[in-house]
Amino acid sequence: MGQRLLEVQGLTTVFDGPAGPATAVDGVDLTLDRGGVLAVVGESGCGKTVLSLSILGLVSPPGRVTAGRALLDGVDILALPEGERRTIRGRRASMIFQEPMTALNPVLTIGDQVSEPLRVHAGASRAEALAAAEAMLGRVGLPEPHRRLAGYPHELSGGQRQRVMIAMALMLSPELLIADEPTTALDVTVQGQILELMLDLARDAGTAILLVTHNLGVVAQTADDVAVMYAGRVVERAPVAAFFQGPAHPYAQGLLASLPRVDAPGRRLSPIPGTVPSLAALPAGCHFHPRCPHAFEPCSRQTPPLIALSGGRQARCWLHAS
Ligand code: SF4
């Protein structure tokens, strides 16, 4: 086992609304080793994005973290004063968002934005930081990087903007990168290239990645471990090979069964019936029970714990309680 970098313990995030508090992240435990890749998967609305924002202390009102810790090398990011948290986010941990246009500042040049981490967190001069930014833009495959330094985000394509985001996020070789659906907004033809680029650069820098995605194909290609979320809870955790051999939780089984497979061309796809429940009105017990084909007596009354299984897997399901 590699050296532990991130340990999330009991993380809980609630959003206050007119109908009362809604729990978006419910007691999540996760671990990520140095240089490893952990994929967090699940349908839209399952809490993946709120989880990633919560880990870095980026949830803003009406959301609030109500319990839990996010330990980076043993230090709880969430217990630090905001100034120290900002330093960690600048130097040791970065985040790539799914829509780069919302994360890039439209009125600052590309050069100023990509060079900022070096100027602010590493004390580089403007000239040094711009030279490093130009080199980094070249590494992420942006054409004519010198000319781009003086350009603005709106002059770039979606794929080029995401390359700029990757350059910014990896400028200081962070120990942790949280990538939230980093290729979702892109044309399918460039998604693979951008993902590969991000992984190659992160690997070179020894950066561990928490990859938030709904794409199980991406998980199979990139991750060491997978955590499946449903309605704010982690319902399965497993090494990636064991997961694809046979997921243990009925929701994870449903996700896999709804995917087309190249090794089974004639197979009928079976989508999971129903929809993800509203966070303001979650079903009691196992939140998946109204959609689960295996639901039985305790499921609608009692919340199952995460149960340890063989091969390093864990599943939150009464079927595995013995
Ligand atoms: Fe289905 Fe019950 Fe398992 Fe939930 S606990 S996934 S309802 S069998």
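Residues numbered from 1 in each chain as written. Predicted model: local features only at pLDDT ≥ 70, side-chain atom pairs only at ≥ 80, totals over all residues. Heavy atoms only, no water.

Caption draft 1: Spotlight on the packing of aromatic side chains. In this structure the tally under the stated criterion is four aromatic pairs. Ring plane angle 90° and centroid distance 5.2 Å describe the contact between F243 and F244, whose orientation is recorded as edge-to-face. Given a relative accessible area of 0%, F243 falls into the buried group. For the pair Y251 and F288, a centre-to-centre distance of 5.3 Å together with 65° between the ring planes defines the contact as edge-to-face. Highlighted residues: Y251 in helix 11 (residues 250-257) and F288 in the loop between helix 11 and strand 11 (307-308), separated in sequence by 37 residues. Here Y251 and F288 have matching classes, each one buried. (Phe/Tyr/Trp six-rings, centres within 6.5 Å; stacked < 30°, edge-to-face > 60°. Buried < 20%, exposed > 50% of the residue type's maximum accessible area, 1.4 Å probe, protein only. Helix = DSSP H or I, 4+ residues; strand = E, 2+ residues; numbered from the N terminus.)

Caption draft 2: Broad picture of the confidence of the model for the protein chain. The predicted model of the protein chain has a mean per-residue pLDDT of 90, with 96% of residues at 70 or higher. Highest mean pLDDT in the protein chain belongs to strand 10 (residues 233-239) (97); lowest belongs to helix 3 (residues 100-103) (73). (pLDDT = per-residue confidence, 0-100.)

Caption draft 3: Looking closely at the pairing of strand 6 (residues 93-96). Residue alternation in strand 6 divides its side chains into two sets, A93 and M95 and S94 and I96, and both sets are buried. In this sheet, strand 7 (residues 176-180) lies alongside strand 6 in parallel orientation, the contact comprising four bridges. By the bridge assignment, M95 is partnered in strand 7 with I178. (Pairing = 2+ DSSP bridges.)

Caption draft 4: Expanded view of helix 5 (residues 126-139). The terminal C-alpha atoms of helix 5, which comprises 14 residues, lie 20 Å apart, in line with the 20 Å expected from a rise of 1.5 Å per residue. A129, A133, M136 and L137 are the residues of helix 5 that are buried. Burial along helix 5 is one-sided: seen end-on, the buried residues are contained in an arc of 100°. Looking at the packing, one finds that the buried side of helix 5 touches helix 4 (110-122), helix 6 (145-148), helix 7 (158-170) and helix 8 (188-205). Just beyond helix 5, the residue with positive phi is G141, at close to 80°. (Expected span 1.5 Å × (residues − 1). Arc of directions from axis to C-beta. Contact = heavy atoms within 4.5 Å.)

Caption draft 5: Region of the structure containing helix 1 (residues 48-55). Counting buried positions along helix 1 yields six of eight residues, so the element is predominantly enclosed. Those residues of helix 1 not exposed but buried are K48, V50, L51, S52, S54 and I55. Immediately beyond the C-terminal end of helix 1, within one or two residues, lies G57, with a positive phi of roughly 70°.

Caption draft 6: Representation of unusual backbone geometry. With an omega of 10°, the peptide bond running from P61 to P62 counts as cis. Tracing the chain through its elements places P62 in the loop between helix 1 and strand 4 (63-72). Although it is not a glycine, E144 adopts a positive phi angle of roughly 50°. Here the phi dihedral of E181 falls at roughly 45°; this positive angle occurs in a residue that is not glycine. In this fold, E181 is placed in the loop between strand 7 and helix 8.

Caption draft 7: Layout of the pattern of salt bridges. All told, the structure shown has 17 salt bridges when counted by the stated rule. Of the charged contacts, one joins E175 and R34 as a salt bridge, the two residues approaching to 3.3 Å between their closest N and O atoms. You can see E175 sitting in the loop between helix 7 and strand 7 and its partner R34 sitting in the loop between strand 2 (20-33) and strand 3 (37-41), a full 141 residues away along the chain. Since its relative accessible area comes to 21%, E175 is described here as partly exposed. (Salt bridge = Lys/Arg side-chain N within 4 Å of Asp/Glu carboxyl O.)

Caption draft 8: Here's a closer look at the sheet that holds strand 1 (residues 4-17). In space, the four strands of this open sheet follow the order 2-1-4-5, with antiparallel pairing throughout. Strands with a single pairing partner mark the edges of an open sheet, and in this sheet they are strand 2 and strand 5 (75-76). Where strand 1 lies against strand 2, ten bridges are found, and the strand directions are antiparallel. Bridging from a neighbouring strand, G17 pairs with G20 of strand 2. Seen against the sheet, helix 1 touches strand 1, strand 2 and strand 4 and runs at an angle of roughly 115° to strand 1. (Axes fitted to C-alpha atoms, helices over the stretch in contact; angles between N-to-C directions.)

Caption draft 9: Quick look at the environment of L78. Here L78 lies in the loop between strand 5 and helix 2 (82-91). Between the alpha carbons of L78 and D29 there is a distance of 15 Å; along the sequence they are 49 residues apart. Beyond its immediate chain neighbours, meaning those up to four positions away, L78 contacts L11, S54, I55, G57, V65, G68, R69, A70 and R85.

Caption draft 10: Geometry of the nonpolar core. Counting 57 residues, the largest nonpolar core has I166, M198 and V228 as its most contacted members. For this core, the element with the highest residue contribution is helix 8, accounting for seven residues. Here this core gathers at least three residues from each of two domains, domain 1 (4-92 + 174-262 + 269-274) and domain 2 (105-173). Other than its neighbours up to four places away in sequence, I166 contacts I96, V140, I194, L197, M198 and L201. Counting 32 residues, the second largest nonpolar core, distinct from the first, contains L38, L78, A208 and V234. (Core = buried A, V, L, I, M, F, W, Y, C linked by side-chain atoms within 4.5 Å. Domains from an automatic or database assignment.)

Caption draft 11: Layout of the domain arrangement of the protein chain. Taken domain by domain, the protein chain holds domain 1 (4-92 + 174-262 + 269-274) and domain 2 (105-173). Here domain 1 and domain 2 have C-alpha centroids that lie 26 Å from each other. When the two sides are added together, the surface that domain 1 and domain 2 hide from each other amounts to roughly 1400 Å², 68% of it contributed by carbon and sulfur. When the area that domain 1 buries against domain 2 is broken down by residue, the three leading residues are R91, P174 and L201, summing to 36%. At the boundary of domain 1 and domain 2, one finds one salt bridge. Scanning the region where domain 1 abuts domain 2 turns up three residue pairs in polar contact (both at pLDDT 80 or more). Every element with two or more residues in the side of domain 1 that touches domain 2 is listed here: helix 2 and helix 8. (Buried area = accessible area lost by both parts, 1.4 Å probe. Polar contact = N/O pair within 3.5 Å; in protein donor to acceptor, adjacent residues only side chain to side chain.)

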